[in-house]
Amino acid sequence: MDIGGLVRKIQGGDSEAFARLYEETRRSVYYTAYSVCRDKYAAETIMQDAFVKFYENIGSVDAKHNPYAYLLTISRNLALNLVKREKSRVTVEPEKVDYVKNDSTLARDDGLTEFAARVLTEREFRVLMLCAVHKYKRHEVGKMLDMPTATVTWTYNKAISKLKKKLEEEQ
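Since we're looking at a predicted model, the values are computed, not measured.

Some details on the nonpolar core
- Membership of the largest hydrophobic core comes to 28 residues, with the highest contact counts inside it found for Val7, Leu21, Val29, Ile46, Phe51 and Phe54.
- Contributing elements (two or more residues each) for this core: helix 1 (3–11), helix 2 (15–37), helix 3 (40–56) and helix 4 (67–88).
- The element contributing the most residues to this core is helix 2, with 8 residues.
- Setting aside its immediate chain neighbours within four residues, Val29 contacts Met47, Ala50, Phe51, Leu71, Leu72 and Ser75.
- Grouped together as the second largest cluster of nonpolar side chains are 18 residues, Phe125, Met129, Leu130 and Leu145 included.

Focus: the confidence of the model for the protein chain
- Put simply, the protein chain has an average pLDDT of 82, and 85% of its residues get 70 or more.
- Scored below 50 in pLDDT, residues 98–110 makes 28 contacts in the model with residues more than four places away or belonging to other chains.

Concerning unusual backbone geometry
- Residues other than glycine seldom take positive phi values, yet Asn66 does so here, at roughly 50°.
- Structurally, Asn66 can be placed in the loop between helix 3 and helix 4.
- With a relative accessible area of 44%, Asn66 lands in the partly exposed category.
- Although it is not a glycine, Asp146 adopts a positive phi angle of roughly 55°.
- With respect to the element layout, Asp146 can be found in the loop between helix 8 (138–145) and helix 9 (149–170).
- The exposure class of Asp146 is exposed, given its relative accessible area of 65%.

Observations regarding the pattern of salt bridges
- Taken as a whole and judged by the stated rule, the model has 5 salt bridges.
- With its nearest N and O atoms 2.9 Å apart, the salt bridge here joins Lys162 to Glu124. Linking Lys162 in helix 9 with Glu124 in helix 7 (residues 122–133), this pair joins segments that are 38 residues apart in sequence.
- Residue classification places Lys162 among the partly exposed positions, given a relative accessible area of 29%.
- Residue classification places Glu124 among the buried positions, given a relative accessible area of 3%.
- Between Lys166 and Glu169 there is a salt bridge, with its nearest N and O atoms 4.0 Å apart. With Lys166 and Glu169 both in helix 9, this residue pair falls 3 residues apart, about one helical turn.
- Taken together, the salt bridges that share partners define one network made up of Glu124, Lys158 and Lys162.

Rules used throughout
Residues numbered from 1 in each chain as written. Predicted model: local features only at pLDDT ≥ 70, side-chain atom pairs only at ≥ 80, totals over all residues. Heavy atoms only, no water. Core = buried A, V, L, I, M, F, W, Y, C linked by side-chain atoms within 4.5 Å. Buried < 20%, exposed > 50% of the residue type's maximum accessible area, 1.4 Å probe, protein only. Helix = DSSP H or I, 4+ residues; strand = E, 2+ residues; numbered from the N terminus. Contact = heavy atoms within 4.5 Å. pLDDT = per-residue confidence, 0-100. Salt bridge = Lys/Arg side-chain N within 4 Å of Asp/Glu carboxyl O.

Set out below in structure tokens:
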């Protein structure tokens with residue numbers, strides 16, 4: 001049976017038709033995902049997610065306009081999304097994490113850095129030094145200090161405000 005016929009049966013409530021659709025298309029859906037992500041386990045997960053997404057949207061699938069291509073497109077897009085997420089993931093070496101969590105000096109010197117060390121809490125100072133001096137991105141600092149990125153941003157902004165206020169008071 002053609003894929004369009006199976007889709008029409010699924011839309012009509014035939015649950016066996018979905019099982020047949022799965023058996024006829026699962027290899028293609030898997031290899032479409034695998035060709036993008038190059039990971040066996042990820043491709044298996046993507047394959048399952050693609051069938052779930054296809055089934056959830058079965059009412060809007062047009063059986064006349066190549067539902068097989070639509071299913072493969074779902075698989076490819078899910079794999080592309082995974083690859084994109086993996087590229088943006090940050091890996092932090094354990095040595096850096098240990099340094100950041102345990103070293104209390106963190107490049108303190110005379111001047112503004114020393115002033116910041118006196119005015120800010122240890123947490124605010126660490127976040128400020130990592131973001132402003134060491135030029136780490138906030139999501140990297142979050143991984144190093146085991147904090148959500150939003151908390152890092154809030155702490156950084158709070159530290160800057162505190163420093164500005166203290167500098168104005170001293171002038």
